[in-house]
Amino acid sequence: MNRLIPPIASLLLGACTTAPLQTPSLPLVVEPSINPSCANLLDDYETFSLMDGKGRKQMLDDVSSAWQLTRNNCEQLRLALLLSQPDRPDNDRRKALKLVKELLRNEKLLDAQAHQLARLLHDQLRQAHLQQRKIVELKQRLQAQHGASKQLAEQLNNLQSQLQQLKNIEQNINEKEQSIITPSTGNLPDEPP
């Protein structure tokens, strides 16, 4: 029996050693790769919208400089977002549209979320640009109509003035005819007294 103790002990000791635990395998979730510089685009947009004029200018200068140095697609999209703010001048929104068009033409663009954001921004900017063009066109048409209306008003004044002159002439003729027909002496000018 003594001979059996060492093999049994070694079996027991071997069983007591820690074996790697088998954990149920969880499905592997693959997150879409997000470019770290594109991760906070909307946060920057919101921060920019809450800043005062001086802070906005500084942030816009910083982002513009970063894009000029790196030519990074995310910085380009960030710059386009900042330039597209509703209270920015039309010139800035045109620059933003140009930047976004460049991004969308490039096949090796951005991650999927940034691409969707760029597409949305492009559509919004293009729509705003079309509306601005319509406004300019309508203003030009309104000015042309105003000019035509002013010209018609002047013509009407001239015609009314001419009409008044004709009425005055007609009244003078009627008065002269009346004075010829009924002279103050009661005799007609052709009749002898």
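Read on for an overview of the structure. (Residues numbered from 1 in each chain as written. Predicted model: local features only at pLDDT ≥ 70, side-chain atom pairs only at ≥ 80, totals over all residues. Heavy atoms only, no water.)

So, the nonpolar core
Reasoning step 1: Ranked by size, the top nonpolar core spans 25 residues in total, and within it Leu77, Leu79, Val100 and Leu121 carry the most contacts.
Reasoning step 2: Of all the secondary structure elements, the ones that give two or more residues to this core are α2 (41-50), α3 (53-70), α4 (73-83), α5 (90-105) and α6 (112-181).
Reasoning step 3: Top contributing element to this core by residue count: α4, with seven residues.
Reasoning step 4: Once you skip the residues sitting within four places of it in the chain, Leu79 turns out to touch Leu60, Val63, Ser64, Trp67 and Leu99. (Core = buried A, V, L, I, M, F, W, Y, C linked by side-chain atoms within 4.5 Å. Buried < 20%, exposed > 50% of the residue type's maximum accessible area, 1.4 Å probe, protein only. Helix = DSSP H or I, 4+ residues; strand = E, 2+ residues; numbered from the N terminus. Contact = heavy atoms within 4.5 Å.)

What to know about the packing of α4 against α5
Reasoning step 1: Interhelical geometry of α4 versus α5 gives an angle of 150 degrees and a closest axis separation of 8 Å. The angle between α4 and α5 falls in the class roughly antiparallel. The hand of the α4/α5 crossing is left-handed. Residues Asn73, Gln76, Leu77, Leu79, Ala80 and Leu83 of α4 pack against Asp92, Arg93, Lys95, Ala96, Leu99, Val100, Glu102 and Leu103 of α5.
Reasoning step 2: Per-class residue counts for the contact of α4 with α5 are eight nonpolar, two polar and four charged. (Axes fitted to C-alpha atoms, helices over the stretch in contact; angles between N-to-C directions. Parallel < 35°, antiparallel > 145°, perpendicular 65-115°, else oblique. Left-handed = near helix turned anticlockwise from the far one by under 90°. Nonpolar A, V, L, I, M, F, W, Y, C, P; charged D, E, K, R; others polar.)

Considering the layout of surface pockets
Reasoning step 1: Of the pockets and cavities examined, the largest pocket occupies roughly 220 Å³.
Reasoning step 2: In this structure, the largest pocket is lined by Leu42, Tyr45, Leu81, Ser84, Pro86, Arg93, Leu117, Leu120, Leu121, Gln124, Leu125 and Ala128.
Reasoning step 3: Only α2 and α6 provide two or more residues apiece to the lining of the largest pocket.
Reasoning step 4: In the lining of the largest pocket, the residues fall into nine nonpolar, two polar and one charged.
Reasoning step 5: By volume, the second largest pocket amounts to about 160 Å³.
Reasoning step 6: Cys38, Ala39, Leu41, Gln113 and Leu117 are the residues nearest the centre of the second largest pocket, which is lined by eleven residues in total.
Reasoning step 7: Counting residues per element, the ones that place at least two in the lining of the second largest pocket are α2 and α6.
Reasoning step 8: When grouped by side-chain class, the residues that make up the lining of the second largest pocket number seven nonpolar, two polar and two charged. (1 Å grid on protein atoms, 1.4 Å probe; cavity = no way out; pocket = protein on both sides within 12 Å on 5 of 7 lines; lining within 4 Å. Points joined across faces, edges and corners; volume = space filled by probe spheres on them.)

Some details on the packing of α3 against α4
Reasoning step 1: Across the interface, α3 lies against α4 with an axial gap of 9 Å and an inter-helix angle of 150 degrees. Comparing the axis directions of α3 and α4 gives the class roughly antiparallel. As α3 packs across α4, the resulting crossing turns out to be left-handed. Residue-level inspection shows Met59, Leu60, Val63, Ser64, Ala66, Trp67 and Thr70 of α3 in contact with α4, the latter providing Glu75, Gln76, Arg78, Leu79, Leu82 and Leu83.
Reasoning step 2: Class assignment for the residues of the contact of α3 with α4 results in eight nonpolar, three polar and two charged.

Structural measurements only, silent on function.
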